[in-house]
Amino acid sequence: MELRSVEELMDLLSACRGSWHAPGSRGGRVDLHEHALRTAALLRRRRPADKELQVAGLVHAIGPLLCRGEESPVTASARAADAVRGLLGTRVARLVRAHHRTDHADDDLLRLRHADEECRHTGFDAGVLEDWRTVLELLAARNSRLGAVD
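Residues numbered from 1 in each chain as written. Predicted model: local features only at pLDDT ≥ 70, side-chain atom pairs only at ≥ 80, totals over all residues. Heavy atoms only, no water.

A closer look at the nonpolar core
Ranked by internal contacts, the top residues of the largest apolar core, which has 46 residues, are Leu9, Leu58, Val59, Ile62, Leu88, Val92 and Leu136. Elements with a minimum of two residues in this core: α1 (6–15), α2 (32–46), α3 (51–59), α4 (62–67), α5 (73–88), α6 (90–98), α7 (107–121) and α8 (133–149). Per-element accounting of this core gives the leading share, seven residues, to α2. In this structure Leu58 touches Leu13, Ala36, Leu37, Ala40, Leu129, Trp132 and Leu136, once residues within four positions along its chain are discounted. (Core = buried A, V, L, I, M, F, W, Y, C linked by side-chain atoms within 4.5 Å. Buried < 20%, exposed > 50% of the residue type's maximum accessible area, 1.4 Å probe, protein only. Helix = DSSP H or I, 4+ residues; strand = E, 2+ residues; numbered from the N terminus. Contact = heavy atoms within 4.5 Å.)

See the structure below:
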């Protein structure tokens, strides 16, 4: 599945509401929608200028929804990365793909993993999905312009 518009992505992220996922031995079940919003919000607080990292935190949660829980976290991350690459660019896709892999970790990936883990254990109001529409549209527009040049 390849997402072709921000609207498709917003619909998929909305579909995460009420979908629960057990992330393995690191913690209990999490609501994918709330988890995505909290991860992105933590990254926004820590790296306010890094929109791609924030969006990677937002969209990494779509993997289990794309796989319906039938595949490993690594496979779910790969599916999510493939789904967003054309829309949001290679950096976002790279971060999402490598999120559950243990063979590589740069600073950005460590930040994403830390925010992912931290928001599993802290409850706070992370806002609403619509708050992210403008950021998603800006990244999609920038990626579209870059893709047209290549």
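Points about the packing of α5 against α6
Contact geometry of α5 with α6 gives a least axis separation of 8 Å together with a crossing angle of 175 degrees. In terms of their interaxial angle, α5 and α6 are classed as roughly antiparallel. Contact with α5, carried on its side by Ser77, Ala78, Ala80, Ala81, Asp82, Val84, Arg85 and Leu88, involves Thr90, Val92, Ala93, Val96 and Arg97 of α6 and no other residues of that element. Taken together, the residues of the contact of α5 with α6 sort by class into eight nonpolar, two polar and three charged. (Axes fitted to C-alpha atoms, helices over the stretch in contact; angles between N-to-C directions. Parallel < 35°, antiparallel > 145°, perpendicular 65-115°, else oblique. Nonpolar A, V, L, I, M, F, W, Y, C, P; charged D, E, K, R; others polar.)

Examining the packing of aromatic side chains
In this description, a pair of aromatic rings is defined by centroid distance and the angle of the planes. Counted by the stated rule, this structure contains zero aromatic pairs. Taking the ring centre of Phe124 as reference, the NZ or CZ of Arg45 above it sits at 4.7 Å. (Phe/Tyr/Trp six-rings, centres within 6.5 Å; stacked < 30°, edge-to-face > 60°. Lys NZ or Arg CZ within 6 Å of the ring centre and 35° of its normal.)

Observations regarding α2
Its 15 residues place the ends of α2 21 Å apart at the C-alpha level, agreeing with the 21 Å of an ideal helix rising 1.5 Å per residue. Regarding α2, the residues found buried are Leu32, His33, His35, Ala36, Leu37, Thr39, Ala40, Ala41, Leu42 and Leu43. Where α2 starts, the residue carrying a side-chain oxygen 3.0 Å from the main-chain nitrogen of His33 turns out to be Asp31. (Expected span 1.5 Å × (residues − 1). Polar contact = N/O pair within 3.5 Å; in protein donor to acceptor, adjacent residues only side chain to side chain.)

Regarding the environment of His35
Position of His35 relative to the elements: it lies in helix α2. Apart from the residues lying within four places of it in its own chain, the contact partners of His35 are Val30, His60, Asp116, Cys119 and Arg120. A distance of 2.4 Å separates the side chain of His35 from the side chain of Asp116, its partner in a polar contact.

Structural notes on the pattern of salt bridges
For the coordinates displayed, the defined rule picks out twelve salt bridges. A salt bridge links Arg111 to Asp108, with the nearest nitrogen and oxygen atoms 3.4 Å apart. Here Asp108 and Arg111 lie together in helix α7, a separation of three residues that amounts to about one turn. For Asp108, a relative accessible area of 16% gives the class buried. (Salt bridge = Lys/Arg side-chain N within 4 Å of Asp/Glu carboxyl O.)

A few points about the packing of α3 against α6
Running from amino to carboxyl end, α3 crosses α6 at an angle of 45 degrees, the nearest separation of the two axes being 9 Å. Here α3 is positioned oblique relative to α6, judged by the angle of their axes. The hand of the α3/α6 crossing is right-handed. Seen from α3, the contacting residues are Glu52, Leu53, Val55, Ala56 and Val59; seen from α6, they are Arg91, Val92, Leu95 and Val96. The residue inventory of the contact of α3 with α6, partitioned by class, reads seven nonpolar, no polar and two charged. (Left-handed = near helix turned anticlockwise from the far one by under 90°.)

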